[in-house]
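As a plain string of letters, each chain reads:
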Amino acid sequence: NITLTEKDASVFRTWYKAKDIHAYCVSSRECINIPRKEFETKTNGYTFAITGSLSFIQSVSSILLFLEKYYPILRKCCPDCSLLITGRNPAPILVKKCDIDPTINLIPNPIDINSVIKQADFYICPINKGSGMKQRVMDGLRQGLTILCHEVSVYGYENFEKEQFLYRYNDEKSFKSSVEK
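The residue count restarts for each chain, going from 1 along the sequence in the order it is written. Local features are withheld for residues below a pLDDT of 70 in this predicted model, meaning they are given only at 70 or higher, and side-chain atom pairs are given and counted only at 80 or more; totals for whole chains, interfaces and linings count all residues. The basis for every side-chain value is the complete set of non-hydrogen atoms in the structure, without hydrogens or water.

1. A look at the overall build of the protein
And then number 1: Within the protein one finds seven helices and eight strands.
And then number 2: Remark: exposure states derive from per-residue accessible area (1.4 Å probe, protein chains only) relative to the maximum for the residue type, with buried under 20%, exposed over 50%, and partly exposed in between. For the protein, with 181 residues in total, the buried portion stands at 45%.
And then number 3: When contacts within the protein are restricted to residue pairs at least 6 apart in sequence, long-range pairs at least 24 apart make up 57% of them.
And then number 4: Exposure was quantified through the Shrake-Rupley algorithm and a 1.4 Å probe, taking into account, for residues, occlusion by the shown protein chains and nothing else. Carbon together with sulfur atoms contributes 52% to the accessible area of the protein, which is approximately 10,000 Å² in total. Each helix is a run of DSSP H or I of at least 4 residues and each strand a run of E of at least 2, with the numbering of both proceeding from the N terminus. Should any heavy atoms of two residues lie within 4.5 Å, those residues are counted as being in contact.

2. A short note on the packing of helix α2 (residues 57-77) against helix α7 (residues 172-180)
And then number 1: Relative orientation of the contacting elements α2 and α7 amounts to 40 degrees, with a least axis distance of 10 Å. Compared by their axis directions, α2 and α7 come out oblique. As for how α2 packs across α7, the hand of that crossing is right-handed. Taken together, the residues of α7 that come into contact with α2 (itself represented by F66, K69, Y70, I73, L74 and C77) are E172, F175, K176, V179 and E180.
And then number 2: Across the contact of α2 with α7, the residue classes break down as seven nonpolar, no polar and four charged. Axes here refer to lines fitted to C-alpha atoms; in helices the fit is confined to the stretch in contact. Angles between the N-to-C directions go from 0 to 180 degrees. Under this scheme an angle from 65 to 115 degrees is roughly perpendicular, one under 35 degrees roughly parallel, and one over 145 degrees roughly antiparallel; angles in between are oblique. Handedness of a crossing follows from how the near helix is turned relative to the far one, being left-handed for an anticlockwise turn of less than a right angle and right-handed for a clockwise one. Residue classes follow a fixed rule: Ala, Val, Leu, Ile, Met, Phe, Trp, Tyr, Cys and Pro count as nonpolar, while Asp, Glu, Lys and Arg count as charged, and any other residue, Gly among them, counts as polar.

3. Focus: the environment of I124
And then number 1: Relative to the helices and strands, I124 resides in strand β6 (residues 122-125).
And then number 2: Given the relative accessible area of 0%, I124 is considered buried.
And then number 3: Counting along the chain gives 25 residues from I124 to C149, while the straight-line C-alpha distance between them is 5.8 Å.
And then number 4: Those residues within four positions of I124 in sequence are excluded, and the remaining contacts are F48, A49, I50, F66, L74, L83, L148 and Y169.

As structure tokens, then:
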């Protein structure tokens, strides 16, 4: 897990004593000791993941916009890629949209969301509404994944961007540029 204070990290370590759980204290001013997933060149395509509460209006509308506007760009840049979307209670409109495209795998209500995210090579945070830090960005960081992040979701993670843990986009051109990095 990634926490903002050492006290939070200590509490987390006390609650969860499993050997494979790590807590990293990272302030919004620094990025230290966060493991990165080893990048591998693949011949069979990359998997991108999106997570969230899939019935919240800001999540649903942001993901639907991503699927309409940005996913076609991602498919042009990475023709063999697939998209994994997982989270709680997907809205019927999102289920219907995902069912249309065989390259999209919707996993509703996973028992262990981290084991699902571990299947991904990259993480996407398409949330383009709201204020404050977007907690879903932590899902990608916790797994060491590089993140493509809508600029609204970058708030509070600016130093992660400087360290190239995440790449921001706000339109088709910047999205394509972020994917190509």
